[in-house]
Amino acid sequence: MTEGRSAQGAARSDPFEAWRELYQDNEQAWTKAMKDFYEANEKIWTKAMKDATTSQWFAEAQGKMLESFLAFQKMLREGTTAQLNALNLPTRDDVSRVGELVVGLEEKVDQVEDRLAGLEGRLSEHREERVAKLELGFSRQFEQHFAKLEKELLRHLDERFSNLEKRLGRPEKGTDKGT
Amino acid sequence: MAGSAKHNGSGWPLPGPIWTSAERALDFAHVVLTAKEAPIGQTPKDVVWRKNKSRLYRYRRTTPATQRTPVFLCVPLINRPDILDLRPGGSFVEFLLSLGFDVFIYEWGRWGSEDRNINLTDVLTRYLPRAVEHASAAAGTDVTLLGYCIGGSLSACFAALYPEAPMKNLVLFTAPIDFAHAGDFGVWTAKGAFPIDKIREVLPAMPGELIDVASKMLNPLVNTVGVYVRLWDKLGNPSFDVEGWQTMYRWVNEGTPFPAAAYHQWITEFYQENKLVRGTLEIAGRPVRLSAISLPLLAVVATADTIAPRPSANAVLEHVSSTDKEELLLEGGHVGTVAGSAARHSLWPRLADWLVRHD
C-alpha cells in the first residue's frame, strides 16, 4: 500500500510524463503528416519558386544582394588591411603577390621546357638527314685529306728514296777514290 | 543501422516505435555530419605532370591497357574532380579501367588568391595544351578528350584552338555551348543584373560556396529541404546505400573557388555575350571557331539538365565540321546522368560502346 502510493507520487511528480505521453501518441503521426504535407506540396512550391526565381525581378534582387555582400567584404578587407599595415604585418595581398611571383616563375620554367622540347623535336625530326649530311661531308673530307696525305707520303718517300740512292751512290765513288 | 529496433525492450525508457524514430534521427544527424569525411576519389593514380595547383594524373592499371586510345578527363573548374571517381563500385574511372582504357585526369586544384589574375586564356593556352601533350607523350599516342560541364566547354574551345593537338576523339558531357539557352543561370548572370565587375574587383576568386548556393537555387526546395526529406525516408530502408549518399552529398557541397579573372571571362564572354557560338571568341588573339573541330564528336545531353539545357549542350553538333558526330540523349539531370546508379546502367555502357567503336 505504501509502496503503491509512493509509485503514484513519483509518477505524478515526473515533469516529462505528459510530454512523453503526447510524444508517444503523436510522434509518428506528426512525422508522417509533415512528410505527406511536403510531398503533396513539393511540386506546387517548386513551381511557385521556379516562377519567382526565373523572373527579371529576382535576378536584379539577387544582384543587389550580391553587391551588398561584396561591399561588406570590401569594407572588411580594407579595415583588416589598414590594421595589418599599422602593425607592420603582411596582408593577404602581400602573401598573394609572393605566390603570384612563384607561379610566374614556374610559367617561365615551363616556357623554357617547351622551347627545349621544341628544339629537341626539330632536331630529332631532321636527325637522319643531318647524320647523312655529316657522314657525306666527313667522308669527302676524309677522302681529300687521305689523297693529300697519300700524295705527301709518296712525295716524301720519293725524296727519301732519291736521298738514299744518292747516299748509296756516294760511298761507291769514295771507295773508288780510295782504292 | 538505420531503422533497426535493436534497442527495443532493452530497458530504455522510450517504447519501441519512438526509439526507432529517435534512432533514425541520430542516424540522420550522423550521416549528414560525417558526410564531409566520406572517402571519395580513391582509385590509385600517379602524378604525370604538375603546374601551379593543377595536376595531371594517370590512373594505375594492374594489367596492360587493351584499348589503344587513352581517355583524358577534363573536369569543371568549379567542382572537385571526384564526380568521375566517386567510390569503388560507383566510379566512372574504375569502369573505364575495367574496359581496358588508359585513363588520365586533369585536376585544376584549389585556386588561391594568388591566382586571381589567371583567366580562361591562361587555362586554354598554358594549362590544358601542356596537360594534353604530357598525357599523349606518356601514353605514346593521341587521346580521347572527354570534358564534363565547364570542362566540356573548355575542351571544345581547346579542340577548336588546337586542331593539331594529339587528340583522336572529343566527348562532351553536358557541356554548355550555346549560352542563349543557358536557362536560369543565363537570367541571373544577365548584364545589368549581375555585378560581375564588382566580383572581379573585390574577390580574388569566386568562392565555391557561392556557386553552390546558385546551383541549389536552380531548384531551391528539392535541392535543400528535399535532400533531407528523401534522406529521412531512405534511412528507413535497410538496403539504403549510406556511403553512396554521403559521397554524392560531399561532392555536391564541396565546390572549389573559381579564379576571379577566369570567372569574369566565363560570365562576360560566354554567358553574357555568347561569343563561342557567335564565332567572336578570341583566345590570346586567336579566333576560336567551333567549325575548326573535325574530330569524331559525342555530345552527351540530359533531358532535365538545368545547368546545360539540351539546346545549349547539343548546339555544338550544329557548329562543328566533324562528319562523325552524335548526340547521346539521356533521361536525368546534370549530375545524375554522369554519376550514380542511373549513370552506371545508362551512360557508361553506351559511352563505352562509342569509345570502343572509335578506338
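Keep in mind that what you see is a predicted model, and the values were worked out from it rather than measured. (Residues numbered from 1 in each chain as written. Chains lettered and ligands numbered in written order. Predicted model: local features only at pLDDT ≥ 70, side-chain atom pairs only at ≥ 80, totals over all residues. Heavy atoms only, no water.)

## Quick notes on the interface of chain A and chain B
Thinking step 1. Listed per partner, the contact involves 42 residues of chain A and 44 residues of chain B.
Thinking step 2. Carbon and sulfur atoms supply 59% of the area that chain A and chain B bury against each other, a total of about 3700 Å² over both sides.
Thinking step 3. Counting across the chain A and chain B interface gives eight salt bridges.
Thinking step 4. Remark: the boundary between chain A and chain B carries 13 residue pairs in polar contact (both at pLDDT 80 or more).
Thinking step 5. Counting residues per element, the ones that place at least two in the side of chain A that touches chain B are helix 2 (17-53), helix 3 (56-86) and helix 4 (92-125) of chain A.
Thinking step 6. Counting residues per element, the side of chain A that touches chain B draws most heavily on helix 2 of chain A, at 15 residues.
Thinking step 7. Of the residues assigned to the side of chain A that touches chain B, the class counts are 10 nonpolar, 14 polar and 18 charged. (Contact = heavy atoms within 4.5 Å. Buried area = accessible area lost by both parts, 1.4 Å probe. Salt bridge = Lys/Arg side-chain N within 4 Å of Asp/Glu carboxyl O. Polar contact = N/O pair within 3.5 Å; in protein donor to acceptor, adjacent residues only side chain to side chain. Helix = DSSP H or I, 4+ residues; strand = E, 2+ residues; numbered from the N terminus. Nonpolar A, V, L, I, M, F, W, Y, C, P; charged D, E, K, R; others polar.)

## Thoughts on the nonpolar core
Taken as a class, soluble globular proteins show a tendency for nonpolar side chains to be buried jointly.
Residues and elements named next belong to chain B.
Thinking step 1. Counting residues in hydrophobic clusters, the biggest one holds 112 residues, and the most contacted among them are F72, W108, F173 and F258.
Thinking step 2. Not counting residues up to four positions away in its chain, the partners in contact with F258 are L77, I78, I150, A205, M206, I211, Y263 and W266.
Thinking step 3. One finds V32, L231, W245 and Y249 within the second-largest nonpolar core, a separate group that totals nine residues. (Core = buried A, V, L, I, M, F, W, Y, C linked by side-chain atoms within 4.5 Å. Buried < 20%, exposed > 50% of the residue type's maximum accessible area, 1.4 Å probe, protein only.)

## A few points about the confidence of the model for chain A
Thinking step 1. Across chain A, the average pLDDT comes to 82, with 85% of residues at 70 or higher.
Thinking step 2. In the model, residues 174-179 of chain A has pLDDT below 50 throughout and makes zero contacts with residues more than four positions away in sequence or in other chains. (pLDDT = per-residue confidence, 0-100.)

## Details of the pairing of strand 2 (residues 54-59) of chain B
Residues and elements named next belong to chain B.
Thinking step 1. Of all six residues in strand 2, five are buried, a share of seventy percent or more.
Thinking step 2. Here strand 1 (residues 45-51) runs beside strand 2; their pairing, made up of six bridges, is antiparallel. By the bridge assignment for strand 2, W49 is matched with L56.
Thinking step 3. Here strand 2 pairs with strand 4 (residues 103-107) via four bridges, running antiparallel. Opposite Y57, over in strand 4, you have I105 as the bridge partner. (Pairing = 2+ DSSP bridges.)

## Examining the pattern of salt bridges
Residues and elements named next belong to chain B.
Thinking step 1. This structure, assessed with the given rule, holds 28 salt bridges over all chains.
Thinking step 2. Here E254 ties to R80 by a salt bridge, and the two come within 3.0 Å at their closest N and O atoms. Of the two residues, E254 sits in the loop between helix 10 (242-253) and strand 8 (258-259) while R80 sits in the loop between strand 3 (71-74) and helix 2 (92-98), which places them 174 residues apart along the sequence.
Thinking step 3. By relative accessible area, E254 is classed as buried at 17%.
Thinking step 4. The class for R80 is partly exposed, based on a relative accessible area of 21%.
Thinking step 5. A salt bridge links R357 to D353; the shortest N-O distance between them is 3.4 Å.

## Here we look at the environment of T69 of chain B
Residue and element names in this part refer to chain B.
Thinking step 1. Tracing the sequence through the fold places T69 in the loop between strand 2 and strand 3.
Thinking step 2. Along the primary structure T69 and N169 are separated by 100 residues, whereas in three dimensions their C-alpha atoms are 9.0 Å apart.
Thinking step 3. Not counting chain neighbours up to four residues away, the residues in contact with T69 comprise F101, D142, V143, T144, K168, N169, H358 and D359.

## Observations concerning the packing of helix 3 (residues 120-139) of chain B against helix 4 (residues 150-161) of chain B
Residue and element names in this part refer to chain B.
Thinking step 1. Running from N to C, helix 3 and helix 4 cross one another at 75 degrees; their axes reach a closest spacing of 10 Å. Here helix 3 lies roughly perpendicular to helix 4, going by the angle between them. Residues L120, V123, L124, L128, P129 and V132 of helix 3 form the contact with helix 4, whose own contacting residues are L154, C157, F158 and L161.
Thinking step 2. Its residues assigned to classes, the contact of helix 3 with helix 4 shows 10 nonpolar, no polar and no charged. (Axes fitted to C-alpha atoms, helices over the stretch in contact; angles between N-to-C directions. Parallel < 35°, antiparallel > 145°, perpendicular 65-115°, else oblique.)

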